[in-house]
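What follows is each chain in one-letter form.
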Amino acid sequence: MTSPDAARLKALDRDHYMHPFTDFKALGDEGSRLITAAHGVYIEDDEGRQILDAMAGLWCVNLGYGRQELVGAATRQLQQLPYYNSFFKTTHPPAAELADTLCGLAPGHINRVFFTGSGSEANDTVLRMVRRYWALKGQPEKQWIIARDNAYHGSTVAGMSLGGMAPMQAQGGPCVPGIAHIRQPYWFDEGREMSPEAFGKVCAEALEARIQALGPDKVAAFIAEPVQGAGGAIIPPESYWPAIKDVLSRYDILLVVDEVICGFGRLGEWFGSVHYDLEPDLMPIAKGLSSGYLPIGGVLVGDRVARTLIDDGGEFHHGFTYSGHPVCAAVALENLRLMKSESVVEQVRQVTGPYLAKRWKALERHPLIGEARSLGLIGALEIVADKATGARFDKSLKAGETCRDICFELGLVMRCCAWPR
Ligand SMILES: *Cc1c(COP(=O)(O)O)cnc(C)c1O
């Protein structure tokens, strides 16, 4: 039974709160679920139901809920120095410590970080850094950024423009100019007539073809998630990343790897870039950086770009009130300390990831599952109407949404990725 207070809160919510990524009218009619607490891997609703949060919030609660060490770090920092900015030649201990810790975890050629409040702001920063870099290099015509269909890079205007979500771009455009999209390495959906190996190479050829079409001296960067998250946990064929890297190095184009989901252990390494050996120039980060306890993001900047921005750039006219926020930074620092001392990343790589992979693959025997794929702690099930052909259910039947709702009723949070394309 819903308590009177819960009923009151749901009414307030319905009348006043415009939720993110939500059909306002439909939610008004159905009402919201009220989540009131969380412990470990479970969230709890107002009726006291424990629900297994397989989404880790929104791919961010990497250490799980209820970690008192993170609460303690926030409390101490709130008492010591709740806020100060790092504009105008100032800094504070948590931001300096966190910058050093992050650069220590990142691949060796990455030794700088720019802090933001979110992953979207990180990608806005990427766009500005990339174009600034080439301008400083005396090649201001190198402006184009190539991204991918069905990518997710956030919901600010730059994030939405870099992303490849057609429904987002259909609202509030026009998008930021100078961004082109190529096909995604989604073998199950787009490549089953060939081997994954061959398909991965075809997708990399699409990158080369687009570079040729735009003009190699006009392309600044390529941006991609190591494994697409919001697009549907799309794990590229093994041949994909080596072929992409090869193309980029031949045309002197920067590589931006969006680590907002794949960073901080999700793929069994500190960064997805390490799993795939990507050596990116820029790595936007957020989400698992603080296990979602407080909002913080950033861009890890490789030496090549950092040197130019530092030595030749003068003032970089960009930053946020909450860049390097001391309380968020203190929580992130403690989060990283715990992940290290508890060997969380190794645990994912050696124990939980392989275990999940084994049990996940077994779901492929189900008549409605066309493919069960996973890597580290990210996994997807392809729901099909016909296992032999891989044909999907008619969209109007809402197969994914139905499965999601049933899972929720049975006590499991998962996500349905049925983006209209
Ligand atoms: C969530 C996400 C973002 C945006 O992060 P916000 O903190 O929501 O702004 C960017 N890139 C990827 C890959 C994401 O999953």
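Everything numeric here is computed off the predicted structure, so don't read it as measured data.

Reading the values: the criteria
Residues numbered from 1 in each chain as written. Predicted model: local features only at pLDDT ≥ 70, side-chain atom pairs only at ≥ 80, totals over all residues. Heavy atoms only, no water. Helix = DSSP H or I, 4+ residues; strand = E, 2+ residues; numbered from the N terminus. Buried < 20%, exposed > 50% of the residue type's maximum accessible area, 1.4 Å probe, protein only. Contact = heavy atoms within 4.5 Å. Near = heavy atom within 4 Å. Polar contact = N/O pair within 3.5 Å; in protein donor to acceptor, adjacent residues only side chain to side chain. Areas by Shrake-Rupley, 256 points an atom, 1.4 Å probe, with all protein chains shown as cover. Nonpolar A, V, L, I, M, F, W, Y, C, P; charged D, E, K, R; others polar. Domains from an automatic or database assignment. Buried area = accessible area lost by both parts, 1.4 Å probe. Salt bridge = Lys/Arg side-chain N within 4 Å of Asp/Glu carboxyl O.

## Considerations on the environment of Y240
Tracing the chain through its elements places Y240 in helix α11 (residues 240–251). What makes Y240 buried here is its relative accessible area of 0%. Taking the C-alpha atoms as reference points, Y240 and P185, separated by 55 residues in sequence, lie 7.4 Å from one another. For Y240, the contacting residues outside a window of four places in its chain are R148, P185, G200, C203, A204 and F222.

## Topic: the site of the ligand
Near the ligand you find S118, G119, S120, N123, Y152, H153, G154, E225, D258, V260, I261 and K287, and these make up its full shell. One of the backbone N or O atoms of G119 is found 2.9 Å from an oxygen atom in the ligand. Side-chain polar atom of K287 to an oxygen atom of the ligand: 2.7 Å apart, as the coordinates give it. About the coverage of the ligand: the protein hides 83% of its 380 Å² of free accessible area. In terms of residue class, the shell around the ligand is built from 3 nonpolar, 6 polar and 3 charged.

## Things to note about the domain arrangement of the protein chain
Here the protein chain is described as being made up of domain 1 (4–66 + 343–413) and domain 2 (71–341). For domain 1 versus domain 2, the separation of C-alpha centres amounts to 25 Å. Contact with domain 1, which involves 30 residues of that partner, is made by 36 residues of domain 2. For the pair domain 1 and domain 2, the summed buried surface comes to about 2,600 Å²; carbon and sulfur atoms form 61% of the total. For the domain 1 face of the interface with domain 2, the top three residues by lost area are W59, V345 and L375, together amounting to 24%. Between domain 1 and domain 2 we count 2 salt bridges in total. Of the charged contacts in the structure, one is a salt bridge between R349 and E269, with a shortest N-O distance of 3.3 Å. Taken together, the connections running from domain 1 to domain 2 amount to 20 residue pairs in polar contact (both at pLDDT 80 or more).

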